[in-house]
Amino acid sequence: MSPSVCLQEMIRVIRGARTQGEERGVIQRECAAIRAQFRQADSGGRSHNLAKLLYVHMLGYPAHFGQMECVRLIASSKYSEKRIGYLGAMMLLDEKQDASLLITNSIKNDLSHSSQHVQSLALCTLACMGSAEMCRDLAPEIERLLKASNSYIKKKAALCAVHIVRKIPELGEMFTPSAHSLLSEKNHGVLHGAVILITELCERNPDNLKQFRKSVPELVQIMKNLVTSGYSPEHNVAGISDPFLQVRILRLLRILGRNNDAASDAMNDLLAQVYSTSKSITTGISFPFHSIHSIYGLYTLYMVKRIGTFLLIIEFSYISMTSLQKIVQTDHTAVQRHRGTIVDCLKDQDASVKRRALELSLALVSAANIRSMMKELLLFLSTCPPELRSHAASGIFNAAERYAPSQRWHIDTILHVLVTAGGDVRDETVPNLIQLITAASELHCYTVHKLYRALISDIVQQSLVQVACWCIGEYGDLLLKGECEEITPMQVTEDDVLDALETVLQSHMSTPTSRGFALTAIMKLSTRITNNVDRIRSVVSIYGSCIDVELQQRAVEYNALFKKYDHMRYFTMSYCTVILEFGCRSRLSLVLGY
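Per chain, the residues get numbers from 1 upward, laid out in the order the sequence is written. A pLDDT threshold of at least 70 governs which residues receive local features in this predicted model, and a stricter bar of 80 or more applies before side-chain atom pairs are shown or counted, although totals over entire chains, interfaces and linings include all residues. To obtain the side-chain values, all non-hydrogen atoms of the structure were used and water was disregarded.

A. Main features of the overall build of the protein. Summing up its helical and strand segments, the protein has 33 helices and two strands in all. Scored against the burial criterion, the 594 residues of the protein give a buried share of 53%. Only heavy atoms enter the contact rule, under which two residues are in contact if any of them lie within 4.5 Å. Intrachain contacts of the protein at a sequence separation of at least 6 include 67% that bridge at least 24 residues. Method for areas: the Shrake-Rupley scheme with a 1.4 Å probe, in which residue coverage is limited to the protein chains shown. By element, 51% of the accessible surface of the protein is carried by carbon and sulfur atoms, the whole surface being about 27800 Å². Only DSSP runs of H or I reaching four residues or more are called helices, and only runs of E reaching two or more are called strands; each is numbered from the N terminus. Burial here depends on accessible area, computed with a 1.4 Å probe over protein chains only, as a share of the maximum for the residue type. Under 20% is buried, over 50% is exposed, and the range in between is partly exposed.

B. View of the layout of surface pockets. Here a cavity denotes a set of grid points, spaced 1 Å apart and computed over the protein atoms alone, in which a 1.4 Å probe fits but from which it cannot get out, and a pocket denotes an open set meeting protein on both sides within 12 Å along at least five of seven lines; residues with an atom within 4 Å of a point are reported as lining. Grid points are joined across faces, edges and corners, and a volume is the space filled by probe spheres set on the points. Quantified by volume, the largest pocket comes out at close to 310 Å³. Taken together, 17 residues line the largest pocket, and the ones lying closest to its centre are Phe 397, Glu 401, Glu 428, Thr 429 and Asn 432. Only helix H23 (386-403), helix H24 (407-421) and helix H25 (429-439) provide two or more residues apiece to the lining of the largest pocket. For the lining of the largest pocket, a count of residues per class yields six nonpolar, seven polar and four charged. Of the pockets and cavities examined, the second largest pocket occupies roughly 240 Å³. In terms of lining residues, the second largest pocket is bounded by 15 residues, among which Glu 185, Lys 186, Leu 191, Ile 222 and Asn 225 are the most central. Three residue categories are used. Nonpolar comprises Ala, Val, Leu, Ile, Met, Phe, Trp, Tyr, Cys and Pro, charged comprises Asp, Glu, Lys and Arg, and polar comprises the others, including Gly.

C. Summary view of helix H18 (residues 317-327). With nine of its 11 residues buried, H18 lies for the most part within the structure. Regarding H18, the residues found buried are Ser 317, Ile 319, Ser 320, Met 321, Thr 322, Ser 323, Leu 324, Gln 325 and Ile 327.

D. Layout of helix H7 (residues 116-129). A helix's residues, less one, multiplied by 1.5 Å, set its expected span. In this model, H7 (14 residues) spans 20 Å end to end at C-alpha, consistent with the 20 Å of a helix rising 1.5 Å per residue. The inward-facing, buried residues of H7 contact helix H5 (79-92), helix H6 (104-111), helix H8 (132-145) and helix H9 (151-167).

E. Representation of the packing of aromatic side chains within the structure. Between 30 and 60 degrees the pair is tilted, below 30 it is stacked and above 60 it is edge-to-face, where a pair is any two Phe, Tyr or Trp rings, Trp via its six-membered ring, whose centres lie within 6.5 Å. Tallying each qualifying case throughout the model produces one aromatic pair. Ring geometry for Trp 470 versus Tyr 475: centroids 5.7 Å apart, planes at 80°, classification edge-to-face. Pair check on accessibility: Trp 470 and Tyr 475 agree, each one buried. Here, a charge over a ring means that NZ of Lys or CZ of Arg falls within 6 Å of the ring centre while also lying within 35 degrees of the ring normal. Over the ring of Phe 65 we find Arg 35, and its NZ or CZ is 4.1 Å from the ring centre. Just above the ring of Tyr 446 sits the side chain of Arg 408; from NZ or CZ to the centre is 4.2 Å.

F. Region of interest: the nonpolar core. Core analysis: the largest hydrophobic core is formed by 88 residues, its most contacted members being Leu 418 and Ile 437. Among the elements that line this core, the one with the most residues is helix H27 (residues 462-481), at 10 residues. Those residues in contact with Leu 418 that lie beyond four places of it in its chain are Phe 397, Val 425, Thr 429, Leu 433, Gln 461, Ser 463, Leu 464 and Val 467. Within the second largest apolar cluster, 62 residues are counted, among which are Leu 138, Ala 139, Ala 179 and Ala 263. Joining through side-chain atoms within 4.5 Å is the link that ties buried Ala, Val, Leu, Ile, Met, Phe, Trp, Tyr and Cys residues into a set, and such a set is a nonpolar core.

G. Looking closely at the pattern of salt bridges. In the sections that follow, a salt bridge refers to a side-chain nitrogen of Lys or Arg positioned within 4 Å of a carboxyl oxygen of Asp or Glu. The final tally for this structure, using the stated rule, is 19 salt bridges. Across the pair Arg 144 and Glu 141 runs a salt bridge, and its minimum N-O distance is 2.8 Å. One end of the pair, Arg 144, and the other, Glu 141, are both in helix H8, three residues apart, so they sit about a helical turn from each other. Arg 144 sits in the partly exposed class, given a relative accessible area of 37%. The class of Glu 141 is buried, set by a relative accessible area of 16%. A salt bridge links Asp 499 to Arg 535, with the shortest nitrogen-to-oxygen separation between them at 2.4 Å. Taken together, the residues span a long stretch of sequence, with Asp 499 in helix H28 (residues 494-506) and Arg 535 in helix H30 (residues 533-542) at a distance of 36 residues. Residue Asp 499 is classed as partly exposed on the basis of its relative accessible area, which comes to 37%. Looking at Arg 535, the relative accessible area reads 25%, which means it is partly exposed.

H. Spatial organisation of the packing of helix H21 (residues 351-364) against H23. Lines fitted to C-alpha atoms define the axes here, with helix axes fitted over just the stretch in contact, and angles between the N-to-C directions of these axes take values from 0 to 180 degrees. Their axes nearest at 10 Å, the elements H21 and H23 cross at an angle of 5°. Classified by the angle between their axes, H21 and H23 sit roughly parallel to one another. Contacts from Ala 351, Lys 354, Arg 355, Leu 358, Glu 359 and Leu 362 in H21 reach Glu 387, Leu 388, His 391, Ala 392, Gly 395 and Ile 396 in H23. In terms of residue class, the contact of H21 with H23 is made up of six nonpolar, two polar and four charged. Throughout, the term roughly parallel applies to angles under 35 degrees, roughly antiparallel to angles over 145, roughly perpendicular to angles from 65 to 115, and oblique to all others.

I. Seen up close, the packing of H5 against H7. Close contact between H5 and H7 brings their axes to 9 Å; oriented N to C, the two are set at 10°. Here H5 lies roughly parallel to H7, going by the angle between them. Contacts between H5 and H7 involve Tyr 79, Lys 82, Arg 83, Tyr 86, Ala 89 and Met 90 from the former and His 117, Val 118, Leu 121, Ala 122, Cys 124, Thr 125, Cys 128 and Met 129 from the latter. Looking at the contact of H5 with H7 residue by residue, the classes come out as 10 nonpolar, two polar and two charged.

J. Local environment of the confidence of the model for the protein. The share of residues in the protein with pLDDT of 70 or more is 84%, and the mean pLDDT across the chain is 82. A residue's pLDDT is the predictor's confidence in that residue, given on a scale from 0 to 100. Averaged pLDDT values for the elements of the protein fall to 41 in helix H33 (residues 588-592) and rise to 94 in H9. Confidence drops under pLDDT 50 across residues 579-594; counting only partners more than four residues distant or on other chains, this segment forms 33 contacts.

K. Representation of the environment of Val 220 in the model. Take Val 220: it is sitting in helix H13 (residues 216-228). Between the C-alpha atom of Val 220 and that of Leu 250, which follows or precedes it by 30 residues, the distance is 9.3 Å. Ignoring any residue separated from it by four or fewer positions in sequence, one finds Val 220 in contact with Leu 253, Ala 266, Met 267 and Leu 270.

If you want it as structure tokens, here you go:
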């Protein structure tokens, strides 16, 4: 390839390379030719060579040796060379390069140029790669251009001012008066730049909020004009008038209306009007989406009602519940009005909506609605995805513990969860429920009957199996009596109880922990029944050679109770089972004299 080929020919040859090595060779030869021509005094082909170098840079190859050429072309009096020079500066230079300081004076001169196109090049370059030092030196020039009569220059100057404010926030005061005046412009580009500038000024310096809140009526009017305006080919996007400007105004209104009742009231009707925008297309959906964000940012009672209407729309239910979940921490009563709609979202097909609805439903539970809400949550637990069961069960446990109207209701609720999702509950659930059952002495008979029925029906849920085994071992005498006022009594024999516990011991679905609970329950029953003590002794002795070390240790120690301390078995089991159930099983051997 000849070193003097044009840009189009170089692109054709590079694209025609069959391998990466061939492409690299072409680029190396061309870069060498470009370097040689840069060193020549003739400047006729400089812009041509820099254009080729920028294409090489776009491909990811080094092009830093063209930085000084950018400086020279920017200083040129020809527009064609300035254009390539400024483009090269934006691509090859940044604020960390020393060469960027060399173009400060050229940018300053071009900002005062008679041609709007040259001024535009300088503004774009400063907004793209201007350093803090450059911004400080050129800020007065930008402030002057914000007052220019040319709308094309004003919109670019506004965006350049945004860059300056981001770099040096304390210079924001310089642009505040001009930002106010730009809101009266009719040109959409200028309005867009003004809104972005005001947004940046308010976010960087909260002291500006008070001053710009005076412009809320003007912003509301601009927004209303956009919403109600007819078809405009210049600004129309999928049937919506300048959606980008509308979204920017919504974001600014959210900032200005936060924690200010007067500003919030001024935009209530506007947000309702924006909500009515067509939602059948993506462009239309964006406005209600940003309206929800704005409503949450403002937060008045009217706004909470408005968010509630978004819950009925599939596209906005998630973001609406996210906003309500933040509000519920400060105003629980206001969000309660939408409880029914939120509960309905638990049936949504979208997993993310279900998760958000679950979190918000749990937050809405109170002493006044605990029964109705828990009914819905338990229904959801039976059908919810596996990944949500653990979170749902944990939330139900916390709500039941906090707002339970009675101990029986509390126990029934937890047992229902264990039956439905016993494999997804936390480890501390079993000891917590055991403690709750122990404290409710008047419900021991009711609880042991209910747990026994659950155990013989299903031994898959291991948490339920463990609680049932403990309760049968502790209150098995109440079960055998068959007398219970709170529940339909059933005749249970000693053999039935032992059969149920042996089933747990022998089931392949039982965990080592569940087997330990079952073996301990059988040993406890040896002090409460009289006709099957030999059977209990036989079962215990069998597990003295169990492969599971923990279960084997229990069986060996229980055998010692039968052989050496049979006369003290009742007292010993009352004491030792406490040790076994609460994490000190290895200490039982000390009690028995091992």
